[in-house]
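Listed below are the residues making up each chain.
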Amino acid sequence: MDFLSRRTIRKYRDVKIENFKVNEILRTALVSPSGKNTQPYEFIVVENKEVLKELSTCKKMGAQMLENAPLAIVVLGNPKLTDTWIEDCSIVSTIIQLKSYELGLGSCWIQTYGRFTSEGVSSEEYIRNLLNIPENLHVLNIVSIGYPAESKRSYSDEDMDFSKVNYDKYGKKDNK
Ligand SMILES: Cc1cc2nc3c(=O)[nH]c(=O)nc-3n(C[C@H](O)[C@H](O)[C@H](O)COP(=O)(O)O)c2cc1C
């Protein structure tokens, strides 16, 4: 698989994702790496159109695509299990996106932790109320998933800023 052609996709075809693909994504997610293997992540799989529409207003901007997505996975983290829950939930979100890509699906990370609705309500509380999420879990983000209805160019060498790379010690720009 060529990761340079993985791009964020925000427009989706109005096609249901096959159950086996949803299951493959979840199987991969549930064994995603985590600090001390605490696996502090939990998920809510949303395919209900009404719920997706309500989720699309969970933040002021940047979640509208949920209204027309066939699938969203809400990523929850348990801070009681480990202080690396944000890292663990970020990794699992990325793995969900890469697995989706492998299955021919497009996806978008929708940040909700630390974000607010246009009425000023915390996105986390909005989603908690909507989806009945217990208080002991945080909502890190939502990953929207669907068959792409837009295409984007692959990344290429021009997009890569190798000045960010150092060798042996900071500031040494060659590996000789
Ligand atoms: C931590 C994080 C938060 C993001 N939040 C949003 C978001 O709330 N809404 C959105 O449309 N895209 C969001 N994105 C997607 C980025 O905008 C996207 O990854 C970036 O523009 C690079 O594009 P690419 O994924 O096609 O390489 C987020 C990505 C990350 C990693």
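The structure this text deals with has already been given above.
In this text the structure is predicted, and so the values were computed from the model without any measurement. (Residues numbered from 1 in each chain as written. Predicted model: local features only at pLDDT ≥ 70, side-chain atom pairs only at ≥ 80, totals over all residues. Heavy atoms only, no water.)

K.L.:
When you look at the overall build of the protein chain in this model, what are you seeing that I'm missing?
P.N.:
The helix and strand tally for the protein chain stands at four helices and four strands. Counting helices and strands in the order they occur from the N terminus, the protein chain gives α-β-α-β-α-β-α-β. Judged by the C-alpha coordinates and their principal axes, the protein chain covers about 55 × 40 × 35 Å. A total of 176 residues make up the protein chain; the buried ones form 38% of that total. Long-range pairs, those at least 24 residues apart, make up 75% of the contacts in the protein chain between residues at least 6 apart in sequence. With an accessible surface of roughly 10200 Å², the protein chain has 51% of that area assigned to carbon and sulfur atoms. One way to put it: in the protein chain the 24 positive side-chain charges average out to a point 4 Å from where the 24 negative ones average out. (Helix = DSSP H or I, 4+ residues; strand = E, 2+ residues; numbered from the N terminus. Buried < 20%, exposed > 50% of the residue type's maximum accessible area, 1.4 Å probe, protein only. Contact = heavy atoms within 4.5 Å. Areas by Shrake-Rupley, 256 points an atom, 1.4 Å probe, with all protein chains shown as cover. Lys, Arg positive; Asp, Glu negative; His and termini not counted. Charge placed at Lys NZ, Arg CZ, Asp CG, Glu CD.)

K.L.:
Would you explain the sheet that holds strand 3 (residues 106–111) in this entry?
P.N.:
Pairing between the strands of a sheet is mediated by backbone hydrogen bonds and can be parallel or antiparallel. An order of 1-2-4-3 is seen for the four strands of this open sheet, with the pairing classed as antiparallel. Edge strands, defined here as strands with exactly one partner in the open sheet, are strand 1 (41–46) and strand 3. Averaged over all pairs of adjacent strands, the angle between their axes in this sheet comes to 20°, without regard to strand direction. Bridge count for strand 1 against strand 2 (residues 71–77) is six bridges, and the pairing is antiparallel. Counterpart to Tyr41 in the pairing with strand 2 is Gly77. Strands strand 1, strand 2 and strand 4 (138–146) of the sheet are contacted by helix 4 (residues 123–131), whose axis makes an angle of about 75° with strand 4. (Pairing = 2+ DSSP bridges. Axes fitted to C-alpha atoms, helices over the stretch in contact; angles between N-to-C directions.)

K.L.:
Mind showing me how you'd approach the state of the cysteines here?
P.N.:
What is meant by a disulfide is a covalent connection between two cysteines, made through their sulfur atoms. Considering all chains together, one arrives at zero disulfides under this definition. Cys108 carries a free sulfur, and the closest cysteine sulfur to it, the one in Cys58, is 11 Å from it. Given a relative accessible area of 4%, Cys108 falls into the buried group. (Disulfide = S-S within 2.5 Å.)

K.L.:
Whenever I open this one, the site of the ligand confuses me. Can you help?
P.N.:
Around the ligand sit Arg6, Arg7, Thr8, Arg10, Lys59, Gly62, Met65, Cys108, Trp109, Ile110, Gln111 and Tyr155, and that is every residue in its neighbourhood. Tyr155 places a side-chain nitrogen or oxygen 2.4 Å from an oxygen atom of the ligand. Among the residues making up the shell around the ligand, the classes are represented as five nonpolar, three polar and four charged. (Near = heavy atom within 4 Å. Polar contact = N/O pair within 3.5 Å; in protein donor to acceptor, adjacent residues only side chain to side chain. Nonpolar A, V, L, I, M, F, W, Y, C, P; charged D, E, K, R; others polar.)

K.L.:
Sorry if this is basic, but what is going on with helix 4 here?
P.N.:
Each α-helix turn comprises 3.6 residues. Residues three or four places apart therefore point the same way. Residues of helix 4 that are buried: Ser123, Glu124, Ile127, Arg128 and Leu131. Buried residues of helix 4 fall within an arc of 135° about the axis and therefore sit on the same side. For helix 4, the secondary structure elements touched by its buried residues are strand 1, helix 2 (49–55), strand 2 and strand 4. Following helix 4 by one or two positions, Asn132 has its phi on the positive side, about 65°. (Arc of directions from axis to C-beta.)

K.L.:
Please explain the side chain of Asn141 as it appears in this structure.
P.N.:
Looking at the secondary structure, you find Asn141 in strand 4. Assessed through its relative accessible area of 0%, Asn141 is described here as buried. Leave out the neighbours within four places in its chain, and Asn141 touches Ile73, Val74, Val75, Ser93, Trp109, Ile110, Gln111 and Thr112.

Function cannot be inferred from these measures alone, as they are strictly geometric.
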